Amino acid sequence: MAINVGGGGAEKPLSDINTTPLVDVMLVMLIIFLIAVPVVVQNVKVKLPDVRNEPTATKPQNVSLVVRGGAGDTCEVYWNRTPVTSKELLDRAVAALKAEIDRQGGPNAPGVELPEVHIRGDVDTPYRCIGGTIYTMQQAGFAKVGFISTPPPQGTTER
């Protein structure tokens, strides 16, 4: 940006500033905001569930798993307190589900209540370990998979 100091012998300098680049930048920013704001404002209406700290009702037929990251970037899965591999986890899960359905009178019996899977995951466990465990249990036929966590201390709120 330059100031024209006049010419032709005029002693008085011109103090007019060229505002065209400023107007161009402002128009471009206006267009960007006009395009971006509707994208940010749009959302899908959903009713989120109310969160309440409900104690878990542990039934004897439910499966309790512990998942944690192991040495050398491996995953460790424990069925109750017994370490299992992915293949053993799938085989045991299928057998446990089949035994529970048979105990309740077979797959076509009225009021068959399927067991749940409760996963206790270590805080530092990689997501692929927990995700792989969930996938394996769903392959076995378990429909309900839940996570067991430690509740926050009484009187504290987190946001």
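Being a predicted model, the structure only gives us computed values, none of them experimental.

Undergrad: Tell me about the pattern of salt bridges, and name the residues and values.
TA: Pairing is possible between side chains that carry opposite charge, provided their charged atoms lie close to one another. Counting across every chain of the model gives 5 salt bridges. For arginine 128, the salt bridge goes to aspartate 73, with nearest N and O atoms at 3.1 Å. With a gap of 55 residues between them, arginine 128 in helix H3 (residues 127–140) and aspartate 73 in the loop between strand S1 (63–69) and strand S2 (75–79) connect regions that are remote in the sequence. For arginine 128, a relative accessible area of 42% puts it in the partly exposed group. Classification of aspartate 73 by relative accessible area gives exposed; the value is 59%. Where aspartate 102 meets lysine 98, a salt bridge forms, and the shortest distance between an N and an O atom there is 3.0 Å.

Undergrad: Outline the packing of helix H2 (residues 86–103) against H3, supporting the account with residue identities and numerical values.
TA: Two numbers describe how H2 lies on H3: the axes approach to 8 Å, and their chain directions differ by 40°. The crossing of H2 and H3 is right-handed. Note on element contacts: H3 touches H2 through Thr133, Thr136, Met137, Gln139 and Ala140, opposite Ser86, Leu89, Leu90, Ala93, Val94 and Leu97. A class-by-class count of the residues in the contact of H2 with H3 yields 7 nonpolar, 4 polar and no charged.

Undergrad: Quick one: what's the story with the sheet that holds strand S5 (residues 145–147), residue by residue and with numbers?
TA: Spatially, the 5 strands line up as an open sheet ordered S3-S2-S1-S4-S5, and their pairing is mixed. Lying at the two open borders of the sheet, with one neighbouring strand each, are strand S3 (82–84) and S5. The average angle at which neighbouring strand axes cross in this sheet is 30°, direction not considered. Relative to strand S4 (residues 117–121), S1 runs parallel, the two sharing 5 bridges. From the neighbouring strand, valine 63 faces S4, where its bridge partner is valine 117. Each of S1, S2, S4 and S5 is contacted by H3, which is oriented at about 150° to S1, the strand it contacts most.

Undergrad: Provide a residue-level description of the nonpolar core, including the pertinent values.
TA: Counting 18 residues, the largest nonpolar core has Val63, Leu65, Trp79, Leu89, Val117, Met137 and Phe142 as the members making the most contacts within it. Mapped by element, the contributors of at least two residues to this core are S1, S2, H2, S4 and H3. With 5 residues, H3 is the single largest residue contributor to this core. Not counting residues within four places of it along the chain, the set of residues in contact with methionine 137 comprises Val63, Leu65, Trp79, Leu89, Ala93, Val117 and Phe142.

Undergrad: So what's going on with the state of the cysteines? Which residues, and what values?
TA: The term disulfide refers to a covalent linkage connecting the sulfur atoms of a pair of cysteines. Using the criterion set out here, one finds 1 disulfide in the structure. Bridging cysteine 75 to cysteine 129, the disulfide has an S-S length of 1.9 Å. Sign of the S-S torsion, about -75° for the bond between cysteine 75 and cysteine 129, identifies this disulfide as left-handed. Residue cysteine 75 is found in strand S2, and its partner cysteine 129 is found in helix H3; the two are separated by 54 residues along the sequence.

Cut-offs applied
Throughout this description, residue numbers start from 1 for each chain and increase along the sequence as written. Reporting of local features is limited, given that this is a predicted model, to residues whose pLDDT is at least 70; pairs of side-chain atoms are given and counted only at 80 or more, and all residues count toward the totals for whole chains, interfaces and linings. Side-chain measures were taken over the full set of non-hydrogen atoms in the model, leaving aside hydrogen atoms and water. Throughout this description, the term salt bridge denotes a Lys or Arg side-chain nitrogen within 4 Å of a carboxyl oxygen of Asp or Glu. Under the scheme used here, helices are H or I runs from DSSP no shorter than 4 residues and strands are E runs no shorter than 2 residues, and both carry numbers assigned from the N terminus. Any residue under 20% of the maximum accessible area for its type is buried, any over 50% is exposed, and the rest in between are partly exposed; the area is computed with a 1.4 Å probe on protein chains only. Axis lines are fitted to C-alpha atoms, over the contacting stretch for helices. Their N-to-C directions set the angle, which ranges from 0 to 180 degrees. A crossing counts as left-handed when the near helix is turned anticlockwise from the far one by less than a right angle, and as right-handed when that turn is clockwise. Should any heavy atoms of two residues lie within 4.5 Å, those residues are considered in contact. In this classification, the charged set is Asp, Glu, Lys and Arg, the nonpolar set is Ala, Val, Leu, Ile, Met, Phe, Trp, Tyr, Cys and Pro, and all remaining amino acids, among them Gly, are polar. Two strands are said to pair when DSSP picks up at least two bridges between them. By nonpolar core is meant a set of buried Ala, Val, Leu, Ile, Met, Phe, Trp, Tyr and Cys residues that side-chain atoms within 4.5 Å join together. We call a pair of cysteine sulfur atoms a disulfide when they lie within 2.5 Å.

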